[in-house]
Amino acid sequence: MNIYEKLTAIQVKLKAPKGQENKFGGYKYRSCEDILESVKPLLSENKVTMFITDKIELIGDRFYIKATVTLINMETPEEQIQTTAYAREEAVKKGMDSSQLTGATSSYARKYALNAIFAIDDTKDSDDDRGQKHFCEKCGKQITRDTAVKSWKICKHKLCKDCQPTIEGSAN
């Protein structure tokens, strides 16, 4: 099989479940590591090897991580396929030093390069719990996902609008 036939075989068989959960946002997601764990046996089965490289690029006044995924047909090494994805580093991220920030940005860029080459769609999946019901932690009233996410950003709790703190910090 040529590299394109092998890639298609991998894409058809690949199941990369969303193994991570954002408890505060109420959704599941897949990480770069989840994709790698799922794809490695298929690469071996199809005699394809893969390399992922990162490069830091300055675009305008912002730094970006450029992740490149290269697939190589082990039976015919001159057959290769590449894809790239970019992720922008935040200037500052609370709770992270610069090496952690670069690492997180690298993981993000790599995930999207892997999504591209293996045709992984990050839209709503059957295991996506965006349809899950959310409830106010204080009064128990059902709230929308958007309200739950917004209140988490404000006060680190899922609260209805009536129970959310005011701008001054006191509860309604």
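Residues numbered from 1 in each chain as written. Predicted model: local features only at pLDDT ≥ 70, side-chain atom pairs only at ≥ 80, totals over all residues. Heavy atoms only, no water.

Participant: Help me understand the pattern of salt bridges, please; the structure alone is not making it clear to me.
Facilitator: According to the stated counting rule, one finds six salt bridges in the structure shown. Residues Lys 13 and Glu 45 are paired through a salt bridge, measuring 2.5 Å at the closest nitrogen-oxygen approach. Residue Lys 13 is located in helix α1 (residues 3-13), and its partner Glu 45 is located in helix α2 (residues 32-45); the two are separated by 32 residues in the primary sequence. Note on Lys 13: relative accessible area 47%, which makes it partly exposed. (Salt bridge = Lys/Arg side-chain N within 4 Å of Asp/Glu carboxyl O. Helix = DSSP H or I, 4+ residues; strand = E, 2+ residues; numbered from the N terminus. Buried < 20%, exposed > 50% of the residue type's maximum accessible area, 1.4 Å probe, protein only.)

Participant: Can you walk me through helix α3 (residues 98-117) in this structure?
Facilitator: Each α-helix winds once per 3.6 residues, and so residues spaced three or four apart point in a common direction. Here α3 spans 29 Å end to end across 20 residues, near enough to the 28 Å set by a 1.5 Å rise per residue. Of the positions making up α3, those classed as buried are Leu 101, Thr 105, Ser 106, Ala 109, Lys 111, Ala 113, Leu 114, Asn 115 and Ile 117. Among the structural elements, α1, α2, β3 (48-59), β4 (62-73) and β5 (80-88) are those in contact with the buried residues of α3. Just past α3, the residue Ala 119 takes up positive phi, approximately 55 degrees. (Expected span 1.5 Å × (residues − 1). Contact = heavy atoms within 4.5 Å.)

Participant: For this particular structure, what's the right way to read the nonpolar core?
Facilitator: Note on soluble globular proteins: their nonpolar side chains tend to be buried together. Counting 27 residues, the largest nonpolar core has Leu 43, Met 50, Val 69, Leu 71, Leu 114 and Phe 118 as its most contacted members. Where this core is concerned, the elements lending two or more residues are α1, α2, β3, β4, β5 and α3. Sorting elements by how many residues they give to this core places α2 first, with six residues. Look past the residues within four positions of Met 50 in its chain and what remains in contact with it is Leu 36, Val 39, Leu 43, Val 69, Thr 70, Leu 71, Leu 114 and Phe 118. Within the second largest apolar cluster, seven residues are counted, among which are Cys 136, Leu 159, Cys 160 and Cys 163. (Core = buried A, V, L, I, M, F, W, Y, C linked by side-chain atoms within 4.5 Å.)

Participant: Would you mind showing me how to read the confidence of the model for the protein here?
Facilitator: Do not read the predicted coordinates in detail wherever pLDDT is low. For the protein, the average pLDDT comes to 83, and 86% of its residues sit at 70 or higher. Across residues 124-130, confidence stays below pLDDT 50; counting only partners more than four residues off in sequence or on other chains, it has 15 contacts. pLDDT under 50 marks residues 167-172. Its contacts with residues more than four places away, or in other chains, come to seven contacts. (pLDDT = per-residue confidence, 0-100.)

Participant: Hey, could you run me through the state of the cysteines in this one?
Facilitator: Joining two cysteines, a disulfide is a covalent bond between their sulfur atoms. Taken as a whole and assessed by the stated rule, the structure comprises zero disulfides. The thiol sulfur of Cys 163 is not disulfide-bonded, and the nearest other cysteine sulfur, from Cys 160, lies at 3.6 Å. Given the relative accessible area of 13%, Cys 163 is considered buried. (Disulfide = S-S within 2.5 Å.)

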